[in-house]
Number of protein chains: 2
Amino acid sequence: MKTREKIISVSLKLFSNYGFAATSVRQIAAAAGIRESSIYNHFHSKDEILIELIKNHSQLNPVREILNEELLDKLSNPVDFFVSFSEELLKKWSLPEEVQFTHLILSEHFRNIGELKISISILFEETRKIVKLILTEMKKNKLIEDEVELLTEEYLTPLFFIRLEKMTLLPIDQSIFDLAQKHSRFFWQNVKRR
Amino acid sequence: MKTREKIISVSLKLFSNYGFAATSVRQIAAAAGIRESSIYNHFHSKDEILIELIKNHSQLNPVREILNEELLDKLSNPVDFFVSFSEELLKKWSLPEEVQFTHLILSEHFRNIGELKISISILFEETRKIVKLILTEMKKNKLIEDEVELLTEEYLTPLFFIRLEKMTLLPIDQSIFDLAQKHSRFFWQNVKRR
DNA sequence: GTCTATACCGCGATAGAC
DNA sequence: GTCTATCGCGGTATAGAC
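A few points on the structure. Note that this is a predicted model, so its numbers are computed, not measured.

**Quick notes on helix H6 (residues 78-93) of chain B**
All names here are of chain B.
Thinking step 1. Relative to the 22 Å expected for 16 residues at 1.5 Å per residue, H6 spans 22 Å between its end C-alpha atoms, a close match to the ideal helical length.
Thinking step 2. Those residues of H6 that fall on the buried side of the exposure criterion are Pro-78, Phe-81, Phe-82, Val-83, Ser-84, Phe-85, Ser-86, Leu-89, Leu-90, Lys-92 and Trp-93.
Thinking step 3. Of the surrounding elements, those touching the buried residues of H6 are helix H5 (69-73), helix H7 (96-107), helix H8 (125-140), helix H9 (148-165) and helix H10 (174-191).

**Thoughts on the protein's contact with DNA strand D**
Thinking step 1. Every one of the 16 residues lining DNA strand D counts as a neighbour, but Val25(A), Glu36(A), Arg35(B), Asn41(B) and His42(B) are closest to it.
Thinking step 2. Within 4 Å of the protein, the contacting atoms of DNA strand D are drawn from sugar and phosphate to the extent of 55%.
Thinking step 3. Contact between DNA strand D and Lys46(A): a phosphate oxygen at 3.1 Å from a main-chain N or O atom of the residue.
Thinking step 4. With respect to DNA strand D, the side chain of Ser37(B) contributes an N or O atom lying 2.7 Å from a base oxygen.
Thinking step 5. For the surface near DNA strand D, the secondary structure elements donating two or more residues are helix H2 (25-32) and helix H3 (36-39) of chain A together with helix H3 (36-39) of chain B.
Thinking step 6. Looking at the surface near DNA strand D residue by residue, the class counts come to 3 nonpolar, 9 polar and 4 charged.

**Some thoughts on the protein's contact with DNA strand C**
Thinking step 1. Around DNA strand C lies a shell of 16 residues, among which Arg35(A), Ser37(A), Asn41(A), His42(A) and Val25(B) are the nearest.
Thinking step 2. A share of 52% of the atoms of DNA strand C within 4 Å of the protein falls on sugar and phosphate groups.
Thinking step 3. Take Arg35(A): an N or O atom from its main chain is 2.6 Å from a phosphate oxygen of DNA strand C.
Thinking step 4. Within the side chain of Lys46(B), an N or O atom sits 3.1 Å from a phosphate oxygen of DNA strand C.
Thinking step 5. Contributing elements (two or more residues each) for the surface near DNA strand C: H3 of chain A together with helix H2 (25-32) and H3 of chain B.
Thinking step 6. Here the residues of the surface near DNA strand C sort into 3 nonpolar, 9 polar and 4 charged.

**Comments concerning the packing of aromatic side chains**
All names here are of chain B.
Thinking step 1. One pass over the structure, following the stated rule, counts 26 aromatic pairs over all chains.
Thinking step 2. Note on Phe-85 and Tyr-155: the rings are 6.5 Å apart at their centroids and 25° apart in plane angle, and the pair reads as stacked. With Phe-85 in helix H6 and Tyr-155 in helix H9, this pair connects stretches of sequence that are 70 residues apart. Grouping residues by exposure puts Phe-85 and Tyr-155 together as buried.
Thinking step 3. Judged by centre distance (5.2 Å) and plane angle (45°), the rings of Tyr-155 and Phe-187 are tilted.

Calculation criteria
Residues numbered from 1 in each chain as written. Chains lettered and ligands numbered in written order. Predicted model: local features only at pLDDT ≥ 70, side-chain atom pairs only at ≥ 80, totals over all residues. Heavy atoms only, no water. Helix = DSSP H or I, 4+ residues; strand = E, 2+ residues; numbered from the N terminus. Expected span 1.5 Å × (residues − 1). Buried < 20%, exposed > 50% of the residue type's maximum accessible area, 1.4 Å probe, protein only. Contact = heavy atoms within 4.5 Å. Near = heavy atom within 4 Å. Polar contact = N/O pair within 3.5 Å; in protein donor to acceptor, adjacent residues only side chain to side chain. Nonpolar A, V, L, I, M, F, W, Y, C, P; charged D, E, K, R; others polar. Phe/Tyr/Trp six-rings, centres within 6.5 Å; stacked < 30°, edge-to-face > 60°.

By themselves these figures say nothing about function.
Shown next, in the form of C-alpha cells:
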C-alpha cells in the first residue's frame, strides 16, 4: 500500500475511534509507520487528511454495486426483493471500514472542515436515490399506489436507524438482520396494492 | 443563574458547536464570564463537566411530560393521537437546548468518558418506553394486532431519523412537521385492525 | 520522500493570595 | 469562590540534511 493510502486508512480507524479533534498527527504517523513530518509530504494539514478521506470514500464502493443481476431478478417478487435488498445493505454497512466511516461522519456531522460540510446525509443519499428509482418503477407498474417520496422514507429510515444505532458497535449480531427482515416484510405487506 | 449552572449551560452550547475535544476549558471560562481556574472550584476536570451535563439533561424535562391530559384524551381516536403525539415530540426536539444536546450526543456517541458510555440510545430510550406502553394498551383493546416491538420501531424510527438528520440544523422548518404528520397517518392506516 | 531537530503555541490543571 | 501566575505536556507545523 502506498504511503498516502496508508495514511488515509489508519486515519479513518483513528478518527473513528477517538474523534477527529482528539486524534493527533503523531498518532497517525506512528500507526502509518512513518515520522510526523513525513505526513506533510502527502497532505498540507490534518484537515486535508479528513477532507480527502471523505472524498475518497464517497467514490469507492458505491451502493449501486449491490444491485446485481441476482437481486434485480427478484423484482418480480417484491417482498423477496426488499428482504434481500435490506440484507445486502446491512451486509455492506457491516464492513469494518463502513462502520468506521459511519462513526466518523456521525461524530463530525454538520461541522465545517474548510469548504466541506459534513452531514449524516452523506451516508444515505445514494441509497435514497436508488430506492426512489425502484419504487417509481413499481408505481408505474401499478404494484403500489402511495407517494413514492413517503414510501422511500418509510422503507429506508428504519434501516438507516439500525445503521446508526446498532451497527456502530461491533460485533454485528444476527438479530439485526432479523429486524431488517421483519421490517421489510411489514413494509411490503402495507404498501402493496390491495 | 448560579456559576455551576452557567458553566453547564455554556458548555452544552460550546461542546455542541465545536465538539467536546475541540472545546477548551479556556473557552468555557470566557463564555461563563470567569477565569479558567475558577472552573475547578465546581468540577474536578473537563470530563466531569460533560458527565454532569449529560446526567442533568436526562433528568430535566422528561419526555413523559408531553403526555398531558389533552393528548391522552385523543387516545380514543388513535390517528389523532399519533398525529398530535408526533407533533409534540418534534416540538420538544426543536428546542435549542434539545438540538444542542442531540448534536453533542451524536458527536460523542459510543465514546467512553470515565464510567459513562455515551450512545445514541440516550436520546430515545424514554420515548420508546412510552410508545411501547401505549401500543401494548391498544393491543389489549384489540385496536391493533401486530407485534408491539415491531410497531414501536415502525412508528418511531422515522421520527427519530428526522430528529437526527433534519433537526440538528436550525432553523426548523414547517415541512418537517408535515413529514411527521404524513408518517403518522400512514402508520395508523397500516396498523389498525382491519 | 524520509529523516532529525525544533519552533511556537495552547492545552488541562495546580498553587496560593485575597 | 474568585483571582493571578505558572507548570509541564503535547499539539500542529516547518527547516533543512540525506
